[in-house]
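Structure at a glance
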Amino acid sequence: MPLIKKDFFGLKDLSAEDIRYILGTAETMKYILSQKNKTSPHLRGKSVIILFYEASARAKLSYELAARHLSASVVDMTSSIQNKEFDSLVDMGQLVDQMGADFIILRHPMAGASQLLASTVDASVINAGDGFNENPGQALLDLMTIKEQKGGFEGLKVAIVGDLIHSRVSKSNIWALTKLGAEVRVSGPPTLISPEIEKFGVDVYYDAREAVNNADVILTTRMHKDSRNTMVLPSLDEYKRFFRIDEALLRYAKKDAIVMHPGPIRRGIEISAGVINSPQCIVNDQIANSVAVRMAIYYILTQMGGAFR
């Protein structure tokens, strides 16, 4: 049984065996969710604290529902964060830890925040996204969806298109997909691709048509509405012209290629309306797997000794 750990930070340091184990557990959880009674007693008596320093309604809801389906109690501390009642992340973490928290779900704009918090608390810390580092929960639901659609990963051609510098879920997907035997290609504006990315075992293309050529899976990233891309991207119109996933670009991929996005989609910018409304865009399948994946993370940490005080 792999994953002998208290906390869950990301996919970079996990083995292919670890990742397959999580996905297998998530499949079991999805079966539980398909039953009339969706509640399992695995976390009965445990408490889950939500600490989201960045907004994400989808992620927060999935972690909350996953905990409740496993019979845990859930407390959302977002309002305390917004009211700035605590001077630091460590102060907040130690408060909830001393009150008996078993799990802390942390989403934070600083890379490495989950490791910092975990070093100061006894609770199991789950990384729900840290800066530009990783978003392992989202990547795992992507992987689960790909496995359901394609049957596995070995030999799959996967194109990741968009903002590769700022997309933490893309980094998590790259770590996992390369370990699982997929051929990963990345494409985007040169200013949004790290010069170090080839060291991750991926092929880099600045022409999106080359990246998606004969691809089985196309993953596209979010283009943020804030100012973080202002100095590196001339305009969204230029981005749409060369990197939007539309019907013309999709013709280069395999006929049964699937298109995925972490959500929420900026329609017409990252993906065209026609592709979003097509059977090849499986964003709803990704959302359907989100709760099962988070249930699996809770369950595995509990079984491994994490979340036991």
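Figured I'd write up the structure that's included with this text. (Residues numbered from 1 in each chain as written. Predicted model: local features only at pLDDT ≥ 70, side-chain atom pairs only at ≥ 80, totals over all residues. Heavy atoms only, no water.)

Remarks on the pairing of strand β8 (residues 217–220)
- Taking every second residue as pointing to the same face, both faces of β8 are buried, with Val217 and Leu219 on one and Ile218 and Thr220 on the other.
- Bridge analysis of strand β5 (residues 157–161) against β8 gives four bridges, and the strand direction is parallel. Each bridged residue has a counterpart across the sheet, and for Ala159 the counterpart in β8 is Ile218. (Buried < 20%, exposed > 50% of the residue type's maximum accessible area, 1.4 Å probe, protein only. Helix = DSSP H or I, 4+ residues; strand = E, 2+ residues; numbered from the N terminus. Pairing = 2+ DSSP bridges.)

A word on the pattern of salt bridges
- In this structure the tally under the stated criterion is 12 salt bridges.
- For Lys199, the salt bridge is made with Glu196, and the minimal N-O distance between the two is 2.6 Å.
- On the basis of relative accessibility, which here comes to 67%, the residue Lys199 falls in the exposed class.
- Of the residues examined, Glu196 reaches a relative accessible area of 40% and is grouped as partly exposed.
- Residue Lys240 pairs with Asp237 through a salt bridge whose shortest N-O separation is 3.5 Å. Here Lys240 pairs with Asp237, and both are found in helix α9 (residues 236–243), just three residues apart, close to one helical turn. (Salt bridge = Lys/Arg side-chain N within 4 Å of Asp/Glu carboxyl O.)

A word on the packing of aromatic side chains
- Applying the stated rule across the entire model yields five aromatic pairs.
- Measuring from centroid to centroid gives 5.2 Å for Phe103 and Tyr298, while their planes differ by 80°, and the two rings are edge-to-face. Residue Phe103 is located in strand β3 (residues 103–108), and its partner Tyr298 is located in helix α12 (residues 283–303); the two are separated by 195 residues in the primary sequence. The burial state of Phe103 is the same as that of Tyr298; both residues are buried.
- Considering the side-chain rings of Trp175 and Phe200, the 4.6 Å spacing of their centres and the 40° angle between planes classify their relative orientation as tilted. In this pair, Trp175 sits in helix α7 (residues 168–179) while Phe200 sits in the loop between β6 (183–187) and β7 (203–205), placing the two residues 25 residues apart along the sequence.
- A network of ring pairs unites the aromatic residues Tyr63, Phe103 and Tyr298 as a single cluster.
- Residue placement shows Arg294 over the ring face of Tyr63; its charged tip is 4.6 Å from the ring centre. (Phe/Tyr/Trp six-rings, centres within 6.5 Å; stacked < 30°, edge-to-face > 60°. Lys NZ or Arg CZ within 6 Å of the ring centre and 35° of its normal.)

Side note on unusual backbone geometry
- Cis geometry marks the peptide bond from Gly263 to Pro264; its omega dihedral reads -10°.
- Mapped onto the elements of the fold, Pro264 is located in the loop between β9 (258–260) and α11 (273–276).
- The backbone of Ser71 shows a phi angle near 75°, a positive value even though the residue is not glycine.
- For Ser71, the position within the fold is in the loop between α2 (57–69) and β2 (73–76).
- Positive phi, close to 65°, is recorded for Asn214, a residue that is not glycine.
- Locating Asn214 in the fold gives a position in the loop between α8 (208–212) and β8.

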